[in-house]
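A structural walkthrough
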Amino acid sequence: MKSVRRQLGSCCTNTERKQASEERAVANSSLTCYSRMNSCSIRDLLRLALPPGTRLLTPKRGLRQPISYALSLRVTPPAFPTLRGGELVLLSLQEALALDESLTLPNIVARLGEVRVGAIAYVGAPDTAAIAAATTLDLPLLQLPDGVHLKAVERDALYLINSPDLQIERRAAQFYHALTLQVASGTGIEALLTTIQAATDRPVALYNPAGDLLYQLGTQSSKELFHDLRPATLIDANLSGHPFIVKGIGQSATILGYLALAGSNLDLWDDTAAGQAAAALHLELAKQQAVESVEARLGGEFLQSIISGSPTNLVALQEQAAELGYNLHQPHAAILIASADGKLSADKLRDRLQALLRREQMSAPHVLYDQTVLCLLPTDEQLEQAWKIVRLLADELTISAGISQPATTIGEWQRRYNEATQTLALGRHLFGPYSLTAFRDLHIYRLLFELRASPELWSFYHATLGTLIEYDREHRSALIETLEAYFAVQGNLIQASERLHIHRNTLLYRLRRISQLNGINLECAEEMLALQVALKAHRVLHTMREPPADQRGIAAAAQPTASSFGRERLGALSELVMPRNGSSPK
């Protein structure tokens, strides 16, 4: 069977929809089933004529039972006119008993079974004896919702039997009205999808604009197929022989998502209902988008006021957080996210973060900062939730991220933001542009980060490495790079030379030159430790745009003789860094 072509228009006129149906009928015979039938099945009636909430009480094989006519119980004898078989009989048990006390539901089933009516639909309580009798007779028995008007049900059933195209249009209008009422009452996406599935009796799925599966309802086999469907790039709505109907939600320039129905023998009602459902979902998603936009703006202003250091009234902040749905009693980690290659806009990063937070049902303030997105995410002490969101985002986009330590109070948010900022910068500098780095994983860099504004750290750094940095700059040499490679392999000369792609003798020459220029004894453990700490400080301090004001002239003024400066302060660091039995040059 040829599949149904994707229809991206989510809201069209009756004329356009009829024309589209006629065009599809040429390519797909399943879509013309109603117009070529003299009767329809119980399943067709349930989807297109009987009121929502109607229940089939007998086995489902009765859904295939054809119906040739519909009529309701008369209020005067005889209760029914001449029956020829194949009819849908509509009745109210209360009215039947008022007409004749012998007209109980089991007796009605027995009598109508003799003339082989097509089905019985009644208003009243379930009756075990009647259900058993109808099952024995293979007679479909349906329970209608309380309060329905039987003449209206009869009219809709006759419309479907005699003028199926007209009834489909009428049902589509009723369906859309019911969906828009749900949108107005705020029942949410899942409730809308449940209504769509009930109306079509098909598995249904919702995708975001990128084609990622968000929600699905239906059988297990259809759920597996929905995972493989790529609606954003779909041309032929057929996957591995399984037909789909796919509708774009919104106009092609502003698609908000995709709706998909699956199943065999997809027909005109499935296509029409999917179009109406897509139009209603567009209203819901647009409303949701508007609400989220306002919430994101308010949350961003809330977050910015905290990390800027301006708020002082914690009680007012807590009240504001409660109004926005933030739980300040839970620890929060600052996450700073950036494009790894500079190709992603901060707006797109924010939009995907919002979608993930919505999918994970998490409420967290976030705001754009330059080309990054800052989020204060509720998490535990082990940062499990923070890592989950960052990794999910990294699975979709090329990002780098820095994660702070958890903040237990709102007063710590500004400090955690600073941690995330430095962690992002250090992570990218140390581990590459695609790094996802937590502050607690920086080890000694955490200590150096805390001391980054210390005059003593800057003085120590310049006194230990100042000559080498200046020499590299003037001679375009690589002495700092040589030291980093040497310590990275714990002093192994062979591995260090391979890492630097130079001969071992060249490496030895460079190490001797370092010793001469800096007055460092590379066989002295303390002086080796001083070099390593200074190298790590080099990475931390180079993530800052400039040193503290009182340190800007230190580089020129420092006299870096032997690195004995500050050795008494290095004892506490000796267990935090290498070397461990590295091979010193001889």
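Please refer to the structure placed before this passage.
Residues numbered from 1 in each chain as written. Predicted model: local features only at pLDDT ≥ 70, side-chain atom pairs only at ≥ 80, totals over all residues. Heavy atoms only, no water.

**Some points on the pairing of strand β7 (residues 141–144)**
Side chains of β7 alternate between two faces, with Leu 141 and Gln 143 and Leu 142 and Leu 144 buried alike. Here strand β2 (residues 55–56) pairs with β7 via two bridges, running antiparallel. Residue pairing for β7: Arg 55 is matched across the bridge by Gln 143. Examined bridge by bridge, strand β6 (residues 119–123) and β7 share four bridges and lie parallel to one another. Among the inter-strand pairings, Ala 121 is bridged to a residue of β7, identified as Leu 142. (Buried < 20%, exposed > 50% of the residue type's maximum accessible area, 1.4 Å probe, protein only. Helix = DSSP H or I, 4+ residues; strand = E, 2+ residues; numbered from the N terminus. Pairing = 2+ DSSP bridges.)

**Digging into the packing of aromatic side chains**
Across all of its chains, the model carries six aromatic pairs by this definition. The interplanar angle of 90 degrees and the centroid separation of 6.2 Å between the aromatic rings of Phe 302 and Trp 413 together place this pair among those described as edge-to-face. With a gap of 111 residues between them, Phe 302 in helix α10 (residues 268–307) and Trp 413 in helix α14 (residues 413–431) connect regions that are remote in the sequence. When sorted by exposure, Phe 302 lands in the same class as Trp 413, which is buried. Members of the aromatic cluster, each reached through a chain of ring pairs, are Phe 302, Tyr 326 and Trp 413. (Phe/Tyr/Trp six-rings, centres within 6.5 Å; stacked < 30°, edge-to-face > 60°.)

**Focus on the pattern of salt bridges**
According to the stated counting rule, one finds 18 salt bridges in the structure shown. A salt bridge links Arg 47 to Asp 270; its shortest N-O distance comes to 2.7 Å. Placement of the pair is Arg 47 in helix α2 (residues 42–48) and Asp 270 in helix α10, with a sequence separation of 223 residues. By the burial criterion, Arg 47 is buried, and Asp 270 matches it. Where Glu 284 meets Lys 287, a salt bridge forms, and the shortest distance between an N and an O atom there is 3.6 Å. Within this pair, Glu 284 and its partner Lys 287 are both found in helix α10, separated by three residues, close to a single helical turn. Connected via shared salt-bridge partners are Arg 47, Arg 202, Asp 267 and Asp 270. (Salt bridge = Lys/Arg side-chain N within 4 Å of Asp/Glu carboxyl O.)

**Details of the nonpolar core**
Among the nonpolar cores identified, the biggest contains 49 residues, and Leu 45, Leu 88, Ile 196 and Leu 281 are the most heavily contacted of them. The element contributing the most residues to this core is α10, with nine residues. Those residues in contact with Ile 196 that lie beyond four places of it in its chain are Phe 175, Leu 179, Val 204, Leu 261, Ala 277 and Leu 281. Core analysis: the second largest hydrophobic core is formed by 43 residues, Ile 469, Leu 511, Ala 530 and Ala 537 among them. (Core = buried A, V, L, I, M, F, W, Y, C linked by side-chain atoms within 4.5 Å. Contact = heavy atoms within 4.5 Å.)

**Observations regarding unusual backbone geometry**
Although it is not a glycine, Leu 383 adopts a positive phi angle of roughly 65 degrees. A relative accessible area of 1% places Leu 383 in the buried class.

**Some thoughts on the sheet that holds strand β16 (residues 399–407)**
One open sheet holds the five strands; their spatial order is β14-β15-β13-β16-β17, and the pairing between them is mixed. In this open sheet, the two edge strands, each paired with only one partner strand, are β14 (366–369) and β17 (436–438). Here the strands of the sheet are splayed against their neighbours by 20 degrees on average, with no regard to which way each runs. The pairing of β14 with strand β15 (residues 372–378) spans four bridges and is classified as antiparallel. The residue of β15 that forms the bridge with Val 367 is Leu 374. (Axes fitted to C-alpha atoms, helices over the stretch in contact; angles between N-to-C directions.)

**Considering the sheet that holds β7**
Strand order in the open sheet formed by five strands is β2-β7-β6-β5-β4, with mixed pairing between adjacent strands. The sheet terminates laterally at β2 and β4 (69–72), the two strands that pair on one side only. Contacting β5 (87–92), β6 and β7, helix α4 (residues 105–114) crosses the sheet at an angle of about 160 degrees to β6. Strands β4, β5, β6 and β7 of the sheet are contacted by helix α6 (residues 150–162), whose axis makes an angle of about 170 degrees with β4.

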